[in-house]
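Each chain is listed here by its residues.
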Amino acid sequence: YSGEGVADVLLVDNKNESPHVPIDTSVEVVSTQNNEADLTCSKKAKKGRSVLFGATMGLAVAAWVYSGNYVFTGLFTLMTALGQLEYYRMVMNTGIYPARRISVLGACA
């Protein structure tokens with residue numbers, strides 16, 4: 001099969017067969033003027049989102065740290081347990097089965 005923008009490629013396998021497979025070699029040309037304007041706008045939008053995300057995370061962490069001893073300790077313990085369980089899931093995917101429950105309980109005690 002031959003056509004505009006298509007090249008014939010000869011594939012040879014172990015049985016000495018030679019089927020022809022069409023491969024599309026056409027290239028799409030895109031104007032760069034609009035892309036540069038879109039890229040500038042997306043960079044500004046990304047910068048604004050990054051600043052907003054950083055400010056939000058800063059406020060969340062400050063609220064967590066200054067919330068009080070029991071709230072801070074509870075959330076920190078929860079994060080420790082979830083992180084340790086995630087680690088154990090990765091280890092179990094390799095075929096090793098650790099003592100999860102007693103280890104998490106000991107880490108949270």
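By convention here, each chain's residues receive numbers from 1 onward along its written sequence. Under the rules for a predicted model, residues below a pLDDT of 70 receive no local features and side-chain atom pairs below 80 are neither given nor counted, while totals for whole chains, interfaces and linings still include all residues. To obtain the side-chain values, all non-hydrogen atoms of the structure were included, while hydrogens and water were left out.

**Q** Can you break down the packing of aromatic side chains residue by residue, with the values?
**A** Any two rings among Phe, Tyr and Trp, with Trp reduced to its six-membered ring, count as a pair given centres within 6.5 Å; such a pair is stacked if its planes are under 30 degrees apart, edge-to-face if over 60, and tilted if neither. According to the stated counting rule, one finds three aromatic pairs in the structure shown. Linked through ring pairs, Trp-64, Phe-72 and Phe-76 together constitute an aromatic cluster.

**Q** Could you give me a rundown of helix 2 (residues 69–92), with the residues and numbers involved?
**A** Under the scheme used here, helices are H or I runs from DSSP no shorter than 4 residues and strands are E runs no shorter than 2 residues, and both carry numbers assigned from the N terminus. A helix is expected to reach a length of 1.5 Å times the quantity of its residues less one. Look at helix 2: 34 Å from first C-alpha to last across 24 residues, which is about the 34 Å you get at 1.5 Å a residue. Where helix 2 is concerned, the buried positions are Ala-81, Gln-84, Tyr-88 and Val-91. Any residue under 20% of the maximum accessible area for its type is buried, any over 50% is exposed, and the rest in between are partly exposed; the area is computed with a 1.4 Å probe on protein chains only.

**Q** Explain the pattern of salt bridges to me, using residue names and the numbers behind them.
**A** Salt bridges are defined as contacts in which a side-chain nitrogen from Lys or Arg sits within 4 Å of a carboxyl oxygen from Asp or Glu. In this structure the tally under the stated criterion is one salt bridge. Arg-89 is the salt-bridge partner of Glu-86, the closest N and O atoms lying 3.2 Å from each other. Of this pair, Glu-86 and Arg-89 both sit in helix 2, three residues apart, roughly one helical turn. Classification of Glu-86 as partly exposed rests on a relative accessible area of 40%. Looking at Arg-89, the relative accessible area reads 44%, which means it is partly exposed.

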